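These are the residues of each chain, in order.
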Amino acid sequence: MALCGVCWTPNLRNLEVLQSAKNSNTGLKRNRRLWQLTSRKSVTFRGCSSSLKSPSSNVEMEEEDVQSNNPSVSMEDESAHVKQFKWNDFKILDRVSIGHGGRADELVFEAVVQVPDSPLFNQGVVLRRLNTTHAQRRGRRAIEVLKKLVRRRLLYHSYSMQVHGYISNNLSDDPYSFTLVHGCHGSFSIRHWLQQSDWLPTLEATLALDEESFRRVGDDTTGGPAVSRQLRLIRILMRDILIGVNYLHSHGLAHTELRLENVHISPVDRHIKVGILGNAADFYEDGTSNSSAYSTMDRRQMMIAFDMRCVGFMMAKMVLQELMDPIIFAKMKSFLAKGNDPSSLREFFVTTLNTNSESGNTGVQILDRNWGAGWHLLSSLIATRPSKRISCLDALKHPFLCGPRWRVAPSMDVIRWGLGSTAVRISEEYIYRMPQRQRLAHFIELMEMLNPCPKPNCWLELLPGKWRLLYSTGKHIGLTLRQPSTRALIGNVHLTITRAPEANNTSSLSFTSDIGFTAITSKDWPHNKAGATGKLQTFSQFRLVAGKRLYLKEEKKNIGKFSMGEPDAEEGLVEKLETKRWKKVVPFKEFPSSLPVAKLVSGEIEVTMSMTDRVESPGNVIGEVRKQIPQEMFDLSKLVCGTYIDSRLLVLRCVNGSALLFTRSSFNYKSM
């Protein structure tokens, strides 16, 4: 909120004397000594400069810094916009909008200004009465923040709710109450907007969005399906929020209270208002930067990371409407609290959200656009480690928040994410004709070229966890056109990797393959695919060492033309790497003869099977399951190396050269 007021203290008599002295120039000169006396009694008077001109050069900013730190600066400029009201200056309305609901220590009123000489005459305002010591501390803190941000008051007014002044009670009344007078910006917070059934068209009409509004986010189209319209609106809201938060961070402040219910939209200037800033915290504990560099940087980084995590949760709720349900939002926070990496949130939402929900999974479609750029931004905002969270400036340059008219050079991390997201989307379509298989093999080869973790130590950190099998370049996973005698319906296929209990061998890992299936005993496929459920488990010990994957050019001539085998993606990969676009991305100029990999040395294998009901021919059931699943998931010793890994995806190569693509289901931080 844009604050213009005084920092209240219980000694209101001195404040009233000072206010009356301000109204007369002679009185101000005559009472300058009185101000010096009363200021020693802890009466703090803070306001904003009378000039609305923002600094246009570094020289002006330096001059303003000197003036703000100079105690001889006149108080006339700082108090020019301070307005003291009385209760009889307002007509109290008989309603309070839900968007302005206060806390337990606040009383909120809506009113209309009845002072004819006031520029606010007949305008609606909000009166927020602070009754407790903690609430009054928030009011005083909000005015202290105003003093820090006074040099760029235009931005402050744009991204915070304007406070017009204060109401000071008489000494005969409750001397420990303080009332702020601030603007009524459309009454609704973003949370209450999103809870409306027709929030999208109503909010578009309220903000009067036009082609010029969309050009500000790099888009040149209007209208379209609901997914495109919601994506444009989210870009506008998110960019406004990030600009306002970055404005605070650049002035050494953290918001600490970024929630949808604290953020309002003003239909007047069409900007996001990020609150009164009563709980804004300084990066420096004592208000200066004299502390040690390490502690200062650590505190600053932690406070910025906290704000960015809050922005991430706000973005998640704006995009995924299901998260407005407290139960589902609690599930997501519980998922993250267990140590799961935010990069696997898509896997969590796809399995958690109802596919028949009212929103029709519009949020998932929005985050899937542009090669899954939305999921990347969301995971970067709420990263588990504070040091890994994205900053406001980097988020504003992220491809998800930039329309097609803006050419944004993506980072290597975004390129890897896009390749992996595209491979996941193709595998989920379950169309495995030769063009799709060639594209998948091609994307996997590119991912291996850009592997961010070539060293075994990095693999030991990221490997532990539960991985779900998505695709195999060597075998068609699932049912085919065969007519088997015993039918089996394959469920999820997981590979669970944990650190071995031996403390003296840190590179030892335990691999457990879990294959869930349902055996259907009837001759024909019934409509209800019920049957005897079972699980096939394979366990083996592995040792992880450094290795290399060799690319033998002479082997190209001997590759067979078997249609269901692995497509020859290497030849197409060489051609693509020679293009100008990929030469800027790939870290080498020509196709390499070898790449570093994590070599897997296997030990003994144990196989177990369990079923809920008895079947006539369990051997036939196992045989049918083995025909539908890559053999490497049964015989783990055929896994020879890992060629790609990040916090979300895993690629393992087998003896025959085929690749297995996995996505993370859960992250095992305890084993790290």
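These numbers were taken from a predicted model, which means no experiment stands behind them.

1. Examining the overall build of the chain
Okay, so step 1: In terms of regular secondary structure, the chain is built from 22 helices and 18 strands.
Okay, so step 2: Burial statistics for the chain: of 672 residues in total, 50% are counted as buried.
Okay, so step 3: Taking the intrachain contacts of the chain between residues at least 6 apart in sequence as the baseline, contacts between residues at least 24 apart amount to 74%.
Okay, so step 4: Summing over all exposed atoms, the chain offers an accessible surface of approximately 33100 Å²; the carbon and sulfur share of this is 51%.

2. Thoughts on the packing of aromatic side chains
Okay, so step 1: The final tally for this structure, using the stated rule, is eight aromatic pairs.
Okay, so step 2: Ring geometry for Trp87 against Phe109: centres 6.1 Å apart, planes inclined by 90 degrees, an arrangement best described as edge-to-face. A residue pair is termed long-range when its members are at least 10 positions apart, and Trp87 in the loop between strand S1 (84-85) and strand S2 (90-92) and Phe109 in strand S3 (residues 106-113) qualify at 22 residues.
Okay, so step 3: Owing to a relative accessible area of 31%, Trp87 belongs among the partly exposed residues under this scheme.
Okay, so step 4: Of the residues examined, Phe109 reaches a relative accessible area of 26% and is grouped as partly exposed.
Okay, so step 5: Pairing Phe349 with Trp375 gives two aromatic rings, centres 6.0 Å apart and planes at 35 degrees, and the pair type is tilted. Note that Phe349 is positioned in helix H14 (residues 345-352) and Trp375 in helix H15 (residues 362-381), a separation of 26 residues in sequence. Side by side, Phe349 and Trp375 carry an identical accessibility label, which is buried.
Okay, so step 6: By the ring-pair criterion, three or more aromatic residues cluster together here, those being Phe335, Phe348, Phe349 and Trp375.

3. Thoughts on unusual backbone geometry
Okay, so step 1: A positive phi angle, close to 70 degrees, is found at Thr256, a residue other than glycine.
Okay, so step 2: A positive phi angle, close to 55 degrees, is found at Asn370, a residue other than glycine.
Okay, so step 3: Note on placement: Asn370 falls in helix H15.
Okay, so step 4: Looking at Asn370, the relative accessible area reads 45%, which means it is partly exposed.

4. Focus: the sheet that holds strand S4 (residues 124-130)
Okay, so step 1: With respect to topology, six strands assemble into an open sheet ordered S1-S5-S6-S4-S3-S2, the strand pairing being mixed. Unpaired on one side and paired on the other, S1 and S2 mark the two borders of the sheet.
Okay, so step 2: One ladder, built from three bridges, connects S2 with S3; its direction is antiparallel. The residue bridging Ile92 from the neighbouring strand is Ala111, located in S3.

5. What about the packing of H15 against helix H17 (residues 412-429)?
Okay, so step 1: Look at H15 against H17: their axes get within 8 Å of each other, and the N-to-C directions meet at 120 degrees. Considering the angle they form, H15 stands oblique to H17. Two packed elements cross with a definite hand, and for H15 against H17 that hand is right-handed. Residues Asp368, Trp371, Gly372, Trp375, His376 and Ser379 of H15 touch H17, and the partners they reach there are Asp413, Val414, Trp417, Gly418, Leu419, Ser421, Thr422 and Arg425.
Okay, so step 2: Here the contact of H15 with H17 is composed, by residue class, of five nonpolar, six polar and three charged.

6. Considering H15
Okay, so step 1: Taking 1.5 Å as the rise per residue, H15 with 20 residues should run 28 Å; its terminal C-alpha atoms sit only 21 Å apart, a clear shortfall.
Okay, so step 2: Where H15 bends most, the angle comes to about 120 degrees, and this point is Asn370.
Okay, so step 3: Counting buried residues in H15 gives 16 out of 20 residues, a clear majority hidden from the surface.

7. Describing the packing of H14 against H15
Okay, so step 1: At their nearest, the axes of H14 and H15 sit 10 Å apart, and the two run at 105 degrees to each other. One way to sum up the angle between H14 and H15 is to call them roughly perpendicular. Along the contact surface, H14 presents Leu345, Arg346 and Phe349, while H15 presents Asp368, Trp375 and Leu378.

8. Quick word on the environment of Ala441
Okay, so step 1: When you line up the elements, Ala441 lands in helix H18 (residues 434-449).
Okay, so step 2: Residue Ala441 is classed as buried on the basis of its relative accessible area of 4%.
Okay, so step 3: When the C-alpha positions of Ala441 and Ala659 are compared, they lie 8.3 Å apart, and in sequence the two are 218 residues distant.

9. Some remarks on the pattern of salt bridges
Okay, so step 1: Evaluation of the coordinates by the stated rule reveals twelve salt bridges.
Okay, so step 2: Close ionic contact of Arg141 with Asp282 constitutes a salt bridge, the shortest N to O distance being 3.0 Å. One end of the pair, Arg141, is in helix H6 (residues 133-149); the other, Asp282, is in strand S10 (residues 281-282), with 141 residues separating them in the sequence.
Okay, so step 3: Taking the relative accessible area as the measure of exposure, Arg141 reaches 13% and is therefore buried.
Okay, so step 4: Given a relative accessible area of 17%, Asp282 falls into the buried group.
Okay, so step 5: Residue Glu261 is joined to Arg259 by a salt bridge in which the shortest nitrogen-to-oxygen separation is 3.3 Å.

10. Quick look at the side chain of His398
Okay, so step 1: You can see His398 is positioned in the loop between helix H16 (392-396) and H17.
Okay, so step 2: A residue is classified by how much of its surface remains accessible, and His398, at 4% relative accessible area, is buried.
Okay, so step 3: Non-local contacts of His398, meaning those with residues more than four positions away in its chain, are made with Ala373, His376, Leu377, Ile390 and Val414.

11. Considerations on the pairing of strand S16 (residues 639-645)
Okay, so step 1: Burial within S16 is extensive, with six of its seven residues counted as buried.
Okay, so step 2: The pairing of strand S15 (residues 594-611) with S16 spans two bridges and is classified as antiparallel. The partner of Lys599 across the bridge, within S16, is Cys641.
Okay, so step 3: Relative to strand S17 (residues 649-654), S16 is paired through five bridges, and the arrangement is antiparallel. Each bridged residue has a counterpart across the sheet, and for Gly642 the counterpart in S17 is Leu652.
Okay, so step 4: The turn linking S16 back onto S17 is made up of three residues.

12. A few points about the pairing of strand S12 (residues 487-499)
Okay, so step 1: Summarising the sheet, strand S11 (residues 465-472) and S12 pair through four bridges and their orientation is antiparallel. Counted as the bridge partner of Arg468 is His494 from S12.
Okay, so step 2: With eleven bridges connecting them, S12 and strand S13 (residues 508-520) associate as antiparallel partners. Bridge pairing in S13 links Thr498 to Ser510.

Definitions and cut-offs
- Residues numbered from 1 in each chain as written.
- Predicted model: local features only at pLDDT ≥ 70, side-chain atom pairs only at ≥ 80, totals over all residues.
- Heavy atoms only, no water.
- Helix = DSSP H or I, 4+ residues; strand = E, 2+ residues; numbered from the N terminus.
- Buried < 20%, exposed > 50% of the residue type's maximum accessible area, 1.4 Å probe, protein only.
- Contact = heavy atoms within 4.5 Å.
- Areas by Shrake-Rupley, 256 points an atom, 1.4 Å probe, with all protein chains shown as cover.
- Phe/Tyr/Trp six-rings, centres within 6.5 Å; stacked < 30°, edge-to-face > 60°.
- Pairing = 2+ DSSP bridges.
- Axes fitted to C-alpha atoms, helices over the stretch in contact; angles between N-to-C directions.
- Parallel < 35°, antiparallel > 145°, perpendicular 65-115°, else oblique.
- Left-handed = near helix turned anticlockwise from the far one by under 90°.
- Nonpolar A, V, L, I, M, F, W, Y, C, P; charged D, E, K, R; others polar.
- Expected span 1.5 Å × (residues − 1).
- Bend = angle between axes of the 7 residues up to and from the residue.
- Salt bridge = Lys/Arg side-chain N within 4 Å of Asp/Glu carboxyl O.

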